[in-house]
Amino acid sequence: MMRVGLLGCGNIGHLIASHTDGFEIAALYDQDIDRARELATATGGTAYDSFEAFVDADVDLVVEAASVRAVRAHGEAVLEAGKDFVVMSVGALAEPSFLDRLRTAAVAARRRVYIPSGAVMGLDNLKVGRIGGIDRVLLRTTKNPASLGLSITERTLVFQGRADECVQAFPKNINVSAAIALAAGQTVQVELWADPAVDRNVHEIVAEGSFGDAYIRIRNVPSPDNPATSYLAALSILVLLRDLAEPIKVGT
Ligand SMILES: NC(=O)c1ccc[n+]([C@@H]2O[C@H](COP(=O)([O-])OP(=O)(O)OC[C@H]3O[C@@H](n4cnc5c(N)ncnc54)[C@H](O)[C@@H]3O)[C@@H](O)[C@H]2O)c1
């Protein structure tokens, strides 16, 4: 059975730990050791209070469900320790120089970095952009003002521009646009709307290219334990872990 090291024992970490179908969580690490210990008790894994000991544990891959900072601080060390690396905080890969370093470390260690589809349905087919070419990708995100830290009483466009500029203005919106940019292999135009009438995170993706055109609209329910995380994103990591062990793979 696949042995997983869990880096980050918060909302997504708990969800992974409660659906261990086809894998076991053998090692756990969190900057808050109590969280790692609590989840270790529930899973039968070992909680480590040092990252160095955690990364040397007998696991096949490390799943990051922590933060952009954790990916930047520990990503290369995970690969150098001979483990594959599953990244949830995909926004960390929006910085080209870090992405290059991670790729170099993966090639040198003959390991892989996996990025789940997260909150984005259709992410797999946006990869055709790298081959057939995509002329335009637009991400229109609509959220309740409260989840953006704003107090606005009517639907308002709060940002319009490139994804990397949006990240500076609204850093918590980085994951979806970074994942789309990585898949499509190009810059993503972003519109961010605050709308008090919505209780879900709505992502609309418009893509045009040699394949034709696509319009995808996803209305994500927040995770039961953390409204900032889409439930779909948490589920997508479970699918990725299951598929790693499957002999037949579906999707591009
Ligand atoms: N790809 C996607 O679509 C997607 C969707 C949702 C969330 N995410 C990302 O996944 C990550 C986890 O989400 P969550 O809802 O579980 O968050 P959470 O806040 O509930 O849990 C994060 C846990 O990681 C720990 N942590 C943070 N930084 C750390 C570090 N440097 N070293 C060790 N431990 C650290 C925290 O103590 C906490 O226990 C976040 O970065 C979030 O942005 C990605």
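Residues numbered from 1 in each chain as written. Predicted model: local features only at pLDDT ≥ 70, side-chain atom pairs only at ≥ 80, totals over all residues. Heavy atoms only, no water.

A. Focus on the pairing of strand S1 (residues 2–7). Of all six residues that make up S1, five are buried, and the element is covered over most of its length. In this structure, S1 lies alongside strand S2 (residues 23–29), joined through six bridges in parallel fashion. Across the sheet, the residue bridging to valine 4 is isoleucine 25, located in S2. Once the chain exits S1 it traverses helix H1 (residues 11–17) before rejoining the sheet at S2, and the crossover so formed is right-handed. Here S1 pairs with strand S4 (residues 61–64) via four bridges, running parallel. Looking at S4, one finds that leucine 6 is bridged to valine 63. (Buried < 20%, exposed > 50% of the residue type's maximum accessible area, 1.4 Å probe, protein only. Helix = DSSP H or I, 4+ residues; strand = E, 2+ residues; numbered from the N terminus. Pairing = 2+ DSSP bridges. Right-handed = clockwise from strand over helix to strand, strands pointing away.)

B. Examining the pairing of strand S5 (residues 84–87) more closely. Residues Asp84 and Val86 of S5 are buried on one face, and the alternating residues Phe85 and Val87, pointing to the opposite face, are buried as well. Looking at chain direction, S4 and S5 are connected through four bridges and run parallel. What sits directly across from leucine 61, in S5, is aspartate 84. Taking the sense of rotation as the criterion, the β-α-β connection linking S4, helix H4 (residues 68–80) and S5 turns out right-handed. Taken together, S5, helix H5 (residues 96–109) and strand S6 (residues 113–114) form a β-α-β motif whose crossover is right-handed.

C. Local environment of the domain arrangement of the protein. Parsing the protein into structural domains produces domain 1 (2–118 + 233–244) and domain 2 (123–221). Just the C-alpha atoms count here: the centres of domain 1 and domain 2 sit 25 Å apart. The partner domain 2 presents six residues to the ten residues of domain 1 that form the contact. For the pair domain 1 and domain 2, the summed buried area comes to about 590 Å², and 76% of that belongs to carbon and sulfur atoms. The largest per-residue losses of area from domain 1 upon contact with domain 2 belong to Val90, Gly91 and Ser117, which jointly make up 54% of the total buried on that side. Across the domain 1-domain 2 interface, the total number found is zero salt bridges. On inspection of domain 1 and its partner domain 2, the count reaches two residue pairs in polar contact (both at pLDDT 80 or more). The residue makeup of the side of domain 1 that touches domain 2, split by class, is seven nonpolar, three polar and no charged. (Domains from an automatic or database assignment. Contact = heavy atoms within 4.5 Å. Buried area = accessible area lost by both parts, 1.4 Å probe. Salt bridge = Lys/Arg side-chain N within 4 Å of Asp/Glu carboxyl O. Polar contact = N/O pair within 3.5 Å; in protein donor to acceptor, adjacent residues only side chain to side chain. Nonpolar A, V, L, I, M, F, W, Y, C, P; charged D, E, K, R; others polar.)

D. Structural detail: the sheet that holds strand S8 (residues 156–162). Read from one edge of the open sheet, five strands run S8-S9-S7-S10-S11, paired in mixed fashion. Only two strands of the sheet have a single partner each, and these edge strands are S8 and strand S11 (212–220). The sheet shows a mean angle of 10° between the axes of neighbouring strands, direction not considered. Where strand S7 (residues 134–143) and strand S10 (residues 201–209) come together, eight bridges link them in antiparallel fashion. The residue bridging leucine 139 from the neighbouring strand is isoleucine 205, located in S10. Helix H9 (residues 174–184) rests against S7, strand S9 (189–194) and S10 of the sheet, and its axis sits at about 165° to S7. (Axes fitted to C-alpha atoms, helices over the stretch in contact; angles between N-to-C directions.)

E. Main features of the environment of valine 86. Tracing the chain through its elements places valine 86 in strand S5. Residues valine 86 and leucine 6, 80 residues apart in the sequence, show an inter-C-alpha distance of 9.7 Å. Here valine 86 is in contact with Leu61, Val62, Val63, Glu64, Tyr114, Pro116, Ile237 and Leu240, once residues within four sequence places are set aside.

F. The site of the ligand, seen in detail. If you check the shell around the ligand, you find 23 residues, and the closest are Ile12, Asp30, Arg35, Ser89 and Thr229. At 2.6 Å, a side-chain N or O of serine 89 approaches an oxygen atom of the ligand. Contacts to the ligand include asparagine 175, whose side-chain N or O atom sits 2.9 Å from an oxygen atom. The fraction of the free accessible surface of the ligand (870 Å²) that becomes covered by protein chains is 83%. Secondary-structure elements contributing two or more residues to the shell around the ligand are H1 and H4. Taken together, the residues of the shell around the ligand break down into ten nonpolar, ten polar and three charged. (Near = heavy atom within 4 Å. Areas by Shrake-Rupley, 256 points an atom, 1.4 Å probe, with all protein chains shown as cover.)

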